[in-house]
Amino acid sequence: MPPKKTILIMLLTLLPGLVCADGAPTLPADLQQEASECIGAIYRNSFKSAEDVARKIIKKYPDHPAGYFFYAVALKAWMDYYKTNRRENDFYTCCDQAIDKGEKMQDKGRGGGWVAFFTGGAEGYKGTYEADNERWITAFRHGWKGISILEDLYKAEPTLQDCCFGLGKYDYWRSALSKMLWWMPHVADRRAEGIQKLYAAMQGGAFTREAAAEELVRILCREGRYAEGLKICDTFLEKYPASLFFLWGKAGALWGLQRYEEAEKTYRAVLSGVEAENLDNHCAAIICNYWLAKIYRQTGRAVQCVAECNRMEFYKISEEVAPRVKDYLSKAAQLRKEAAAMERP
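A brief report on the enclosed structure follows. (Residues numbered from 1 in each chain as written. Predicted model: local features only at pLDDT ≥ 70, side-chain atom pairs only at ≥ 80, totals over all residues. Heavy atoms only, no water.)

Examining the overall build of the protein chain
The cut-off we apply is this: A run of DSSP states H or I qualifies as a helix once it reaches four residues; a run of E qualifies as a strand once it reaches two. Both are numbered from the N-terminal end. Each residue's exposure class comes from its accessible area (1.4 Å probe, protein chains only) as a fraction of the maximum for that residue type: buried when under 20%, exposed when over 50%, partly exposed otherwise. A contact between two residues is defined here by any heavy atoms of the two lying within 4.5 Å. To measure how exposed things are, a 1.4 Å probe is used in the Shrake-Rupley method; for residues, cover is taken only from the protein chains shown.
Each helix and strand in the protein chain was counted, giving 16 helices and zero strands. Here the protein chain holds 345 residues, and the buried ones make up 50% of them. A sequence separation of at least 24 residues applies to 62% of the contacts in the protein chain between residues at least 6 apart. Summed over all atoms, the accessible surface of the protein chain reaches about 16,800 Å², with 53% contributed by carbon and sulfur.

Structural data, given as structure tokens:
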């Protein structure tokens, strides 16, 4: 039997209707349009609309992995937005369905580049979710499965720039985390290559432009490249002016650039957005209060700093939220002490 890589290349190059004349993989026009609508709804904070569109894709293409993949993306975005794991089971169900549908299509000699992408992408999203929850062993297990598929796909189909999102994210964080987690084997530092791939996905991806941009902002700020991160946020906020994903990133970049007045305004905009939600577990509000307190401490406004620290303790938080805000509350106690010292003659 030919190796899996050979089979994948055969699928990409021989199946009619799945590959363009120039070699770039294609999808049905309506599926591609609806997938783009799903992504747009996510970054407009319209998660119900995003889920509705994903269900529409599933109804029209029940045996294709795309609808399940985009449903999983919408569910993870919802959990990221509300800072909750409440829909974890639904998320995993959608990921597993995407993988199952994709593998069945490939086993039957159907599919092509996008089927492989959605299959590997679903594994990658499971890895990302596990990493977000600091479950490192399963994070790297799922991540490696996804990356193995995407690496082979990208070698066979280098025009499919969406692969660069998962590949770049994996390159960067595997390198970064290997320096933080003592049990990880030493790996070559591929942070620069990871950032370069994420830029490629942001500029040339069909479905990963926004996700790559969001990840780039997080990474660039971590690397101290705040001006680059801010530029990306401003670009995408022109298209999605109310997107909390990019407003969070902009606020962090402005803090890093010591543009405290603008950072304060942006955190206030985020705070207004999350407090207006029907579903508000107060996690995002506490994080906003913490950063506002830091801004006030940094700019010598002791009274305002103490007020923000006090607000953090007014909220009634659930057992789920408590671990997420523990460090912020602990650091706020120190900020309150520093602010109190500023007021003494």
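Let's pick the thread back up.
A few points about the environment of K250
Stated formally: For this analysis, a polar contact is any N or O atom pair within 3.5 Å, provided that within protein one partner can donate a hydrogen and the other can accept it, and provided that sequence-adjacent residues contribute only side-chain to side-chain pairs.
The topology assignment puts K250 in helix 12 (residues 244-256). For the pair K250 and I232, spaced 18 residues apart in the sequence, the C-alpha separation amounts to 8.7 Å. Sequence-distant contacts of K250, that is, excluding residues within four places in its chain, are made with L230, C233, D234, L237 and T266. Looking at K250, its side chain comes within polar contact range of the side chain of D234, at 3.2 Å.

Points about helix 8 (residues 163-178)
This is how the line gets drawn: Working rule for helices: expected span equals 1.5 Å times residues minus one.
In a regular helix each residue adds 1.5 Å, so 16 residues correspond to 22 Å; helix 8 covers 23 Å between its end C-alpha atoms and thus fits that length. Burial runs high along helix 8: 14 of the 16 residues are buried.

Description of the nonpolar core
Which entries qualify depends on this criterion: As used in this record, nonpolar core signifies buried Ala, Val, Leu, Ile, Met, Phe, Trp, Tyr and Cys residues forming a set joined through side-chain atoms within 4.5 Å.
Core analysis: the largest hydrophobic core is formed by 113 residues, its most contacted members being I42, F69, F70, F91, F117, F118 and I232. Considering each element in turn, this core owes the most residues, 14 residues, to helix 4 (residues 65-82). Among all residues touching I42, those that are not within four sequence positions of it are F47, A50, V73, A74, A77 and F245.

Some thoughts on unusual backbone geometry
The backbone of N45 sits at a positive phi, close to 65°, despite the residue not being glycine. On the basis of relative accessible area, N45 is assigned to the buried category, the value being 18%. Despite not being glycine, H282 has its phi angle at roughly 75°, a positive value. Turning to its location among the elements, H282 is positioned in the loop between helix 13 (260-275) and helix 14 (283-298).

What about the packing of helix 11 (residues 226-239) against helix 12?
Which entries qualify depends on this criterion: All axes here are fitted lines through C-alpha atoms, helices being fitted over the stretch that makes contact, and every angle between N-to-C directions spans 0 to 180 degrees. To sort the angles, those under 35 degrees are grouped as roughly parallel, those over 145 as roughly antiparallel, those from 65 to 115 as roughly perpendicular, and the leftovers as oblique. For a crossing to be left-handed, the near helix must be turned anticlockwise from the far one by less than a right angle; the clockwise case is right-handed. We call Asp, Glu, Lys and Arg charged. Ala, Val, Leu, Ile, Met, Phe, Trp, Tyr, Cys and Pro are nonpolar, and the rest, Gly among them, are polar.
In contact at an axis separation of 9 Å, helix 11 and helix 12 are set at 150° when each is read in the N-to-C sense. In terms of orientation, helix 11 and helix 12 fall into the roughly antiparallel class. The way helix 11 lies across helix 12 gives a crossing that is left-handed. The segment helix 11 lies against helix 12, with Y226, G229, L230, C233, D234, F236 and L237 engaging F246, L247, G249, K250, G252, A253, L254 and G256. Partitioning the contact of helix 11 with helix 12 into residue classes produces nine nonpolar, four polar and two charged.

Observations concerning helix 2 (residues 29-43)
Spanning 15 residues, helix 2 covers 22 Å between terminal C-alpha atoms, matching the ideal 21 Å at 1.5 Å per step. Within the span of helix 2, buried status applies to L31, E34, A35, C38, I39, G40, A41, I42 and Y43. Considering only its buried residues, helix 2 is in contact with helix 3 (47-60), helix 4, helix 10 (209-222) and helix 12. Note on helix 2: the residue one or two positions beyond its end, N45, has a positive phi of about 65°.

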